[in-house]
Each structure stands twice: as C-alpha cells, then as structure tokens.
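# Architecture at a glance
Letter by letter, the chains look like this.
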Amino acid sequence: MAGRRLFRALIMGAPGSGKGTISERIVSDFGLKHLSSGDLLRSQILQKTDVGLQAQKYIDEGALVPDETMVALISAELKKLAEHSWLLDGFPRTRHQAEALHKVQPLDTVISLNVPFQVIIDRIKDRWVHLPSGRIYNTLFNPPKNPVSGARLADNDDYSPMTSRESAWSSGPTTRRTRSGSVLEVYQASAGPVIEFYRELGVLEEFSGSETNKIWPHVRRMLQQRIQ
Ligand code: G5P
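Residues numbered from 1 in each chain as written. Predicted model: local features only at pLDDT ≥ 70, side-chain atom pairs only at ≥ 80, totals over all residues. Heavy atoms only, no water.

Another point: the overall build of the protein chain. When you go through the protein chain residue by residue, the secondary structure sums to nine helices and eight strands. Taking all 228 residues of the protein chain together, 44% fall into the buried category. (Helix = DSSP H or I, 4+ residues; strand = E, 2+ residues; numbered from the N terminus. Buried < 20%, exposed > 50% of the residue type's maximum accessible area, 1.4 Å probe, protein only.)

Our next topic: the site of the ligand. Looking at the ligand, there are 30 residues lining it, with Thr21, Ser37, Ala63, Arg93 and Thr212 nearest. One nitrogen or oxygen atom from the main chain of Gly16 is found 2.9 Å from an oxygen atom belonging to the ligand. Contact between the ligand and Gln97: a nitrogen atom at 3.0 Å from a side-chain N or O atom of the residue. Its free accessible area being 1,100 Å², the ligand has 91% of it covered by the protein chains. Elements that contribute at least two residues to the shell around the ligand include exactly helix 1 (19-30), helix 2 (37-46) and strand 6 (135-138). Sorting elements by how many residues they give to the shell around the ligand places helix 2 first, with four residues. Considered class by class, the residues forming the shell around the ligand number eleven nonpolar, twelve polar and seven charged. (Near = heavy atom within 4 Å. Polar contact = N/O pair within 3.5 Å; in protein donor to acceptor, adjacent residues only side chain to side chain. Areas by Shrake-Rupley, 256 points an atom, 1.4 Å probe, with all protein chains shown as cover. Nonpolar A, V, L, I, M, F, W, Y, C, P; charged D, E, K, R; others polar.)

Throughout the structure, instances matching the rule amount to nine salt bridges. For Asp29, the salt bridge is made with Arg220, and the minimal N-O distance between the two is 2.6 Å. Within this pair, whereas Asp29 is found in helix 1, its partner Arg220 is found in helix 9 (residues 212-226), the two being separated by 191 residues in sequence. For Arg220, a relative accessible area of 31% puts it in the partly exposed group. Put simply, Asp39 and Arg42 hold a salt bridge, and the shortest N to O gap is 2.9 Å. Residue Asp39 and its partner Arg42 are located together in helix 2, separated by three residues, close to a single helical turn. (Salt bridge = Lys/Arg side-chain N within 4 Å of Asp/Glu carboxyl O.)

Taken together, the five strands give an open sheet; going across it, the order is 2-3-1-4-8, and neighbouring strands pair in parallel fashion. The open sheet terminates on both sides in strands that have one partner only, identified here as strand 2 (33-36) and strand 8 (204-208). Sheet twist, expressed as the average angle between the axes of neighbouring strands with direction ignored, equals 20°. Here four bridges tie strand 1 (residues 8-13) to strand 3 (residues 86-89), and the two strands are oriented parallel to one another. Residue Ile11 lies in a different strand from strand 3, and its bridge partner there is Asp89. (Pairing = 2+ DSSP bridges. Axes fitted to C-alpha atoms, helices over the stretch in contact; angles between N-to-C directions.)

Moving on, we get to helix 1. Relative to the 16 Å expected for twelve residues at 1.5 Å per residue, helix 1 spans 16 Å between its end C-alpha atoms, a close match to the ideal helical length. Turning to helix 1, its buried residues are Lys19, Ile22, Ser23, Ile26 and Phe30. Down the axis, helix 1 shows its buried residues gathered within 105° of arc, on one side only. Counted as exposed and oriented over 90 degrees from the buried face of helix 1: Glu24 and Ser28. (Expected span 1.5 Å × (residues − 1). Arc of directions from axis to C-beta.)

In this section: the pairing of strand 3. Residues Trp86 and Leu88 point to one face of strand 3 and Leu87 and Asp89 to the other, with burial holding for every one of them. By the bridge criterion, four bridges tie strand 2 to strand 3 in an arrangement that is parallel. Pairing of Ser36 across the sheet is with Asp89, part of strand 3.

Residues of the protein chain with pLDDT of at least 70 account for 74%, and the chain-wide mean is 83. In this model residues 163-180 is a low-confidence stretch, pLDDT under 50, and it forms 35 contacts with partners more than four residues away in sequence or in other chains. For this predicted complex, the interface score ipTM comes out at 0.94, while the overall pTM is 0.83. (pLDDT = per-residue confidence, 0-100. Contact = heavy atoms within 4.5 Å.)

What follows covers the pairing of strand 1. For strand 1, the tally of buried residues reaches six of six residues, placing the bulk of the element in the interior. Of the two faces of strand 1, both are covered, the one formed by Arg8, Leu10 and Met12 as well as the one formed by Ala9, Ile11 and Gly13. Pairing of strand 1 with strand 4 (residues 109-114), which is carried by five bridges, proceeds in the parallel orientation. Of the residues in strand 4, the one forming a bridge with Gly13 is Leu113.

As structure tokens, then:
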C-alpha cells in the first residue's frame, strides 16, 4: 500500500517461553506476517532437504543450527516478504545472526520474553508433538482443536510426549546435565549478547512474567502504540 510504513519486529525468549503463542496473537491482532525459524526448519526436515537433514542433527542434540545456514534460510524468506510488515520468531538467536540481519534490515522493535526457567520446565511436562505436522500442543493450555476423535493423546500413534527434552528438563537443567537441560543453557549463553545488541540500538522491549495471558496485554499495548 503506497505510503504505508512497514513495521519489522522480532520476538525472542527461551524455548517454551511462549514466543509461538504470543506470535499467533500478534499476527491475529496486528496482521503482521509471521516468520518462525523453528517452523521453517521443521518444514525443511519434513521435506528432507539438505538443510533439513543438516538441521535435524543439531536440533536432536539441543544445539543451535550454524549461523551461515540460518542467515541464508531466513534471508531468502525475508526477500519474499519485502512488501510486508513482519514478525520474526526465533531468529536471530546469536549476535552474529543479529548483526547479519541488521545490515540488511534494521528492526523497529524487539520483544524479549523473560519467563523463569522453572516455570518453563513445569509447563512443558504437558507438551505433546503431533508427529505428522510437527505441531506442538499443551494439554492444559493449548489442546489440539480436533482432539483425535476423543482419544487421549497418549492413545494415538500420531502424538508423542516430548520426552527427549521435557522429561529431562523436568529434573532441572542444573541437576541433570542432559542434552535436554542444555537447551535452556544454550539459549541463556547465546541470547545475552543478542539482547545487549538490541538494547544498545534502543529497540529492546522486555516483558517478564510466568503466564502468557498476563504478559500478552502488555505486549499488545506496546504494539498498539508502535504500529500505526
Ligand atoms: P524453535 O521452534 O524456535 P523453541 O524451542 O525456541 O523452538 P518453542 O519450543 O517453540 O521454542 P516457544 O515458541 O517459546 O517455544 O513457546 P510456545 O510454543 O508458544 O509455548 C511453549 C508451550 O507452552 C506450548 O505448549 C504452549 O501451549 C504452552 N504455553 C504457553 N504459554 C503458557 C502459559 O502461560 N501457561 C502454560 N501452562 N502453558 C503455556 O526452535 C527449535 C530448534 O531449532 C533450532 C534450534 O536447534 C532450536 O532449538 N533453531 C535455530 N538454531 C540456530 N539459530 C536460529 N535462529 C534457530 N532457530 C531455531
């Protein structure tokens, strides 16, 4: 639309902090295009592309996919969204990624979610993955819309509890140094420099809390003031 100012935002937060959930609400209320690095990777994995096969190994180990791969993947997608306002979810995750993005597209706002790790560990105990699509559900907070003909998730072959990560997390990242526990530690190590980068640029907005429904109104209010 001629004369319309485009708005470019990022949402970041630890795995399980509610980025995806809040992104859905932002997209619904403000009409931004949503680009999730995790969704993109899952799609590549399902299609068994070279990028997908490479990414699978890192994700299985709870590690970050290499910066070069991520920058190339996201840059290609952003080119398709050149005429749109958008919300990035999960990228950039390292300072290198943030600097690469900043060179081609500075951000207007960075939403950083601070949810205590113990809350995340507790919440993901109820998490299930729908194997054919890779979609993730929470039996308490966000159950599937079509609950597989009344069957319990545990009885349905399509669903799997996210035990590889969650059950290990439930013992706490500091008490059991498993691949799973390290996912939160990996986030903590890589996110600090990214947060600092955006704080220095003056675009960082931090939101702390334990419940998405309580964090969301604050995010919404901030965006209402920013998006015209
Ligand atoms: P992703 O896909 O970016 P994560 O692990 O960072 O994955 P995830 O797991 O999707 O992020 P989220 O989006 O922060 O979590 O949170 P969510 O899905 O909205 O909510 C988590 C769960 O809690 C859901 O079940 C939800 O219903 C529930 N929930 C939300 N709010 C509440 C609440 O208030 N109460 C309760 N009880 N429940 C709630 O990345 C996956 C992997 O891809 C690679 C990495 O290996 C990464 O681990 N990757 C990258 N690697 C390098 N660079 C990048 N830029 C990369 N991006 C992805």
